[in-house]
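In case you want the letters, here they are:
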Amino acid sequence: AQSVTQLGSHVSVSEGALVLLRCNYSSSVPPYLFWYVQYPNQGLQLLLKYTSAATLVKGINGFEAEFKKSETSFHLTKPSAHMSDAAEYFCAVSVPHLSGGSNYKLTFGKGTLLTVNP
Amino acid sequence: EPEVTQTPSHQVTQMGQEVILRCVPISNHLYFYWYRQILGQKVEFLVSFYNNEISEKSEIFDDQFSVERPDGSNFTLKIRSTKLEDSAMYFCASRRQLYSYEQYFGPGTRLTVT
């Protein structure tokens, strides 16, 4: 079964500083990987996705992530944090159902709460 | 931009009561999902639905749960007899087609069982 580990339940950065949120995955088959963001009292918004094309993927709001198969990682970065980036970030993995088919359910990490200090 | 909608935003119910959570997926999407997030915990998969049948369900999705697509637009999650531990945020998600892997989430329904 697939799993996701997000290192650091809480990351605090200063405005303008680099944001680095870590995600490692485990999967027996090539995975599809996603980052979602959840603002307070809102649903999950897709930030970016890796679906076996380019290993460096760019998303919305200046975020990007790099798929590294050798490290089983998909870390999320942003060069310069903005106050509006404060939210909870979830890494998720999706693989085909073991019996085949087209389900592609998401398995989420526990999330990382990002706070941005002025 | 099309979005997934969910109603109600907050539902309070007494233990043992039945609840129905409603979702309207994005109109041209074919795959539908329910997830839940207990306060302070990770988002967990409950069930997926395609072509009017369940394609996969988790261990959480026991006989107390059911899903239905009663018409061409709504997708519902029913909990037959709610328990205290069913208190959570329930998210509906939809996915467009076979080779489109990203899921789009609704804003969630917060279910509180007292």
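The rules behind each value
- Numbering of residues begins from 1 in every chain and follows the order in which that chain's sequence is written.
- Here the convention is simple: chains get letters from A, ligands get numbers from 1, in the order in which they are written.
- Local features in a predicted model are, by the rule used here, given only for residues with pLDDT of at least 70; side-chain atom pairs are given and counted only at 80 or more, and totals for whole chains, interfaces and linings are based on all residues.
- Each side-chain value is derived from all of the structure's non-hydrogen atoms; neither hydrogens nor water enter the calculation.
- Numbered from the N terminus, helices here are DSSP runs of H or I no shorter than four residues, and strands are runs of E no shorter than two.
- The globule rule used for comparison is 2.2 Å times the number of residues to the exponent 0.38, while the radius of gyration itself is calculated over C-alpha atoms.
- Exposure categories follow from relative accessible area, calculated using a 1.4 Å probe and restricted to protein chains: below 20% of the type maximum is buried, above 50% is exposed, and the middle band is partly exposed.
- Contacts are assigned to residue pairs with any non-hydrogen atoms lying within 4.5 Å of each other.
- Note on areas: these come from Shrake-Rupley sampling with a 1.4 Å probe, and a residue is covered only by the protein chains present in the view.
- Working convention for charge: Lys and Arg count positive, Asp and Glu count negative, and His plus the chain ends are omitted.
- Every charge is mapped to an atom, namely NZ of Lys, CZ of Arg, CG of Asp or CD of Glu.
- Pairing of aromatic side chains here covers Phe, Tyr and the six-membered ring of Trp, requires ring centres within 6.5 Å, and sorts the geometry by plane angle: under 30 degrees stacked, over 60 edge-to-face, intermediate tilted.
- Whenever Lys or Arg places a side-chain nitrogen within 4 Å of a carboxyl oxygen from Asp or Glu, that contact is recorded as a salt bridge.
- Summed over both partners, the accessible area (1.4 Å probe) lost when two parts come together is defined as the buried area.
- By the criterion applied in these results, polar contacts are pairs of N or O atoms within 3.5 Å in which, for protein atoms, one can donate a hydrogen and the other can accept it, and in which residues neighboring in sequence qualify only through two side-chain atoms.
- Charged residues are taken to be Asp, Glu, Lys and Arg, nonpolar residues to be Ala, Val, Leu, Ile, Met, Phe, Trp, Tyr, Cys and Pro, and polar residues to be all remaining types, Gly included.

Q: Quick one: what's the story with the overall build of chain A, residue by residue and with numbers?
A: When its secondary structure is counted, chain A shows zero helices and 12 strands. The C-alpha radius of gyration computed for chain A amounts to 14 Å, which stays within 12% of the reference 13 Å derived for 118 residues, consistent with globular compactness. Projected onto the principal axes, the alpha-carbon positions of chain A cover approximately 50 × 30 × 20 Å. In chain A, which comprises 118 residues, the share counted as buried stands at 46%. Taking the contacts inside chain A whose residues are at least 6 apart along the sequence as the reference set, 58% of them involve residues at least 24 apart. Surface exposure of chain A reaches about 5,600 Å², of which carbon and sulfur atoms provide 53%. When the 8 basic and 6 acidic side-chain charges of chain A are each reduced to a single mean position, those positions are 9 Å apart.

Q: With reference to specific residues and values, describe the packing of aromatic side chains.
A: Here the distance between the centres and the angle between the planes together describe a pair of aromatic rings. What the rule picks out here adds up to 22 aromatic pairs over all chains. Arranged with centres 5.8 Å apart and planes meeting at 90 degrees, the rings of Phe108 of chain A and Tyr35 of chain B form a pair that is edge-to-face. In this pair, Phe108 of chain A sits in strand β11 (residues 106-108) while Tyr35 of chain B sits in strand β4 (residues 31-37), so the two residues belong to two different chains. Grouping residues by exposure puts Phe108 of chain A and Tyr35 of chain B together as buried. Consider the rings of Phe108 of chain A and Phe105 of chain B, whose centres lie 6.0 Å apart with planes at 75 degrees: the pair is edge-to-face. Separated into two different chains, Phe108 of chain A in strand β11 and Phe105 of chain B in strand β10 (residues 104-105) make up a pair that spans both. Residue class for Phe105 of chain B comes out buried when judged on its relative accessible area of 9%. Counting every residue linked through ring pairs, the aromatic cluster contains Phe34, Tyr36, Phe90 and Phe108 of chain A together with Tyr33, Tyr35, Phe45, Phe91 and Phe105 of chain B.

Q: I'd like a rundown of the pattern of salt bridges, residues and numbers included.
A: Per the counting criterion, the structure on display carries five salt bridges over all chains. One salt bridge connects Glu102 of chain B with Lys49 of chain A, and the closest N-O pair in it is separated by 2.9 Å. One end of the pair, Glu102 of chain B, is in the loop between β9 (88-95) and β10; the other, Lys49 of chain A, is in strand β6 (residues 44-50), on a second chain. Lys105 of chain A is paired through a salt bridge with Glu56 of chain B; the nearest N and O atoms lie 3.0 Å apart. Taken together, the residues span two chains, with Lys105 of chain A in the loop between β10 (87-94) and β11 and Glu56 of chain B in strand β6 (residues 53-57).

Q: Give a description of the interface of chain B and chain A that names residues and reports values.
A: For interface size, the figure often reported is the accessible area lost on association. On the chain A side, the residues contacting the 19 residues of chain B number 21 residues. Overall, the association of chain B and chain A removes approximately 1,900 Å² of surface from exposure, summing both partners, and the carbon and sulfur fraction of that is 58%. Contact with chain A buries surface across chain B, with Lys42, Glu56 and Tyr101 of chain B losing the most and accounting together for 33% of the total. If you look at where chain B meets chain A, you find two salt bridges. Joining chain B to chain A, the criterion identifies six residue pairs in polar contact (both at pLDDT 80 or more). Listing elements by their share of the side of chain B that touches chain A, those giving two or more residues are β4, β5 (43-50), β6 and β9 of chain B. When residues in the side of chain B that touches chain A are grouped by element, the largest group, four residues, is from β4 of chain B. Class assignment for the residues of the side of chain B that touches chain A results in 10 nonpolar, five polar and four charged.

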